[in-house]
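# Close look at the chain arrangement
These are the residues of each chain, in order.
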Amino acid sequence: MEIIERFLNAIQGIFTDSGLMTLGWQNYVMIGIACVLFYLAIKKEFEPLLLLPIAFGMLLVNLYPAITAAPDTTLMSAAECIKAKGTTDGYATTIINGVQYYNVPHYGGLFYYLYQGVKLGIYPPLIFLGVGAMTDFGPLIANPKSFILGAAAQIGIFITFIGAIFLGFTDAQAGAIGIIGGADGPTAIYVTTKLAPELLGSIAIAAYSYMALVPIIQPPIMRLLTTKKERAVVMEQLRPVSKLEKIIFPVVIVVVISILLPDAAPLVGMLMFGNLLKESGVCDRLSKTAQNELMNIITIFLGTTVGATATGANFLSLSTLKIIALGLIAFMMGSACGVLFGKVMYKATGGKVNPLIGSAGVSAVPMAARVSQRVGQEENPGNFLLMHAMGPNVAGVIGSAVAAGVLLNVLR
Amino acid sequence: MDMMSKLTISASMLLTGFVIVFSVLVFLIFIIWLMGKIVTGAQNSITDRKKQKVKESLKKPEVKAEVEKPRTALKPVKSDTGVSDEVIAVISAAVYSMYGSKEKVRIKSINKSSSRSAWANAGVLKNTRPF
């Protein structure tokens, strides 16, 4: 009889703790959204390296919310401690009103610990280290005027800030939403963790989704703002850049930006450190590690833990819809401003600059540059804009880090 | 937050962001342009000095290298489009390595191609096609 009673109690306990009893409807909706993201990442290949870990983190946290639980301590009397743990040895004690209690710790969930890398701003600069080790700044050094286009594309960030303020967000939240327009995932995550951590899930998902949709979002804007003649401009070949210039460049950039905008130093510093590892030619092992193993490990940690911030209660709100709409506006404004400044450069240089390279000023490396190349070739199949567009594209990475520094400095 | 303070925050952020981002990046344009000028100038002067040294060493009469004269005097390869001597040497070496010493091959001229061939275009397209 006792055996059956124990068996039934065990079954009841397991059922009570199961997801069937603990999960709400929001969790099931989020599981559905995670499945949609799986489809987009696997079938459509939309930024799969990040969207897949994000979707899996989202799935896991909505199935088992305790995976992000913070550690805590329970105060137990000596008798309770012995009953629960079998001993009082090794536990710290606290005396309250003359009574001694034992501090029995409860460890946090797996994602709580992994999330510390996001919360403390460790992962985004490490991702930038890998990005720097993979980036060739040669086109930007050969044509430094590309910095103008990299700056122009950041205007979308500040215009979206205004929209967010008028939609009822606080100034810090508006800054975090605006940075989606920089089209730079690590920068968006870095700024959001500092300014509005409560919006991290929505902002990260919006940022990466729009980055994946660059080939769909940008071309209509580019065609709308340029004439056929402008799109067909063939640009002159870039001058060759010496190895010495490529070595000096990261050092100069990190010195200038760290002095002028210290808040941007962690991102720009790691970006340029990665680039120096590559260009120096003497740290091949470190450069390869930064580009591959380290980058991949951090991507897994960053993706899953950012996805895990998208719990049903957090994500399913009107704010998320507003963020998704504002993110799209930010992205479109950034692309449009880049193209418009490209037109200014076209006029200023007497038709030597193809305005299509301006849209590559939103970071999204190298996708945005490839879009410039593709749209340019639609007008003139013999036109190769890729290397010319890489200049504004990598300038956009630096530009979005500078914009992030401005937002952090003003709003924090 | 009332309408006035929203307007104030928005306008000040737009102005601050616009001015600082552009100022920093324009400053970087100047720095990178300056760096390019200095480095290119320095490297050019080093190259010129090296060329000068090579010329001077060639002029010295005391160096007598015993070089077997070719059976027939070789005419210099014509290049009307300013192809450098180094490039001519590389192309000649490539041709020699392909045909070997047994074949009688003479390079008459080396000219830059005015435009890519259809095959070259196809290759470049394949390597740069984005999607």
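Residues numbered from 1 in each chain as written. Chains lettered and ligands numbered in written order. Predicted model: local features only at pLDDT ≥ 70, side-chain atom pairs only at ≥ 80, totals over all residues.

With that settled, consider the interface of chain B and chain A. Each partner contributes to the interface: chain B provides 28 residues, whereas chain A provides 39 residues. At the level of elements, α1 (3-59) and α3 (118-128) of chain B are the ones that each hand at least two residues to the side of chain B that touches chain A. Broken down by element, the side of chain B that touches chain A gets its largest block of residues, 23 residues, from α1(B). A breakdown of the residues in the side of chain B that touches chain A according to their chemical character gives 20 nonpolar, 7 polar and 1 charged. (Contact = placed C-beta atoms within 7 Å. Helix = DSSP H or I, 4+ residues; strand = E, 2+ residues; numbered from the N terminus. Nonpolar A, V, L, I, M, F, W, Y, C, P; charged D, E, K, R; others polar.)

Moving on, we get to the domain arrangement of chain A. Structurally, chain A comprises domain 1 (2-61), domain 2 (72-106) and domain 3 (113-411). Taking only C-alpha atoms, the centre of domain 1 of chain A and the centre of domain 2 of chain A are 34 Å apart. (Domains from an automatic or database assignment.)

Time to look at the packing of helix α6 (residues 110-119) of chain A against helix α19 (residues 293-307) of chain A. Residues and elements named next belong to chain A. Between α6 and α19, whose axes approach to 9 Å, the crossing angle comes to 110°. Comparing the axis directions of α6 and α19 gives the class roughly perpendicular. Of the residues in α19, those in contact with F111, L114, Y115, G117 and V118 of α6 are F301, L302, T304, T305 and V306. Grouping the amino acids of the contact of α6 with α19 by side-chain chemistry returns 7 nonpolar, 3 polar and no charged. (Axes fitted to C-alpha atoms, helices over the stretch in contact; angles between N-to-C directions. Parallel < 35°, antiparallel > 145°, perpendicular 65-115°, else oblique.)

So, about the nonpolar core. Core analysis: the largest hydrophobic core is formed by 137 residues, its most contacted members being A:I203 and A:V402. With 15 residues, the single largest contributor to this core is helix α23 (residues 386-411) of chain A. Contacts of A:V402, omitting those with residues within four sequence positions, involve A:I257, A:L261, A:A264, B:V21, B:V24 and B:L25. (Core = buried A, V, L, I, M, F, W, Y, C linked by C-beta atoms within 7 Å. Buried ≥ 20, exposed ≤ 12 C-beta atoms within 10 Å, placed from the backbone.)

With that settled, the discussion passes to the environment of A:E47. Residue and element names in this part refer to chain A. One can find E47 in the loop between α3 (25-42) and α4 (48-63). Accessibility expressed as a C-beta count within 10 Å gives 23 for E47, which makes it buried. Along the sequence, E47 and M134 sit 87 residues apart, while their C-alpha atoms lie 17 Å from each other. Leave out the neighbours within four places in its chain, and E47 touches Y208, M211 and A212.

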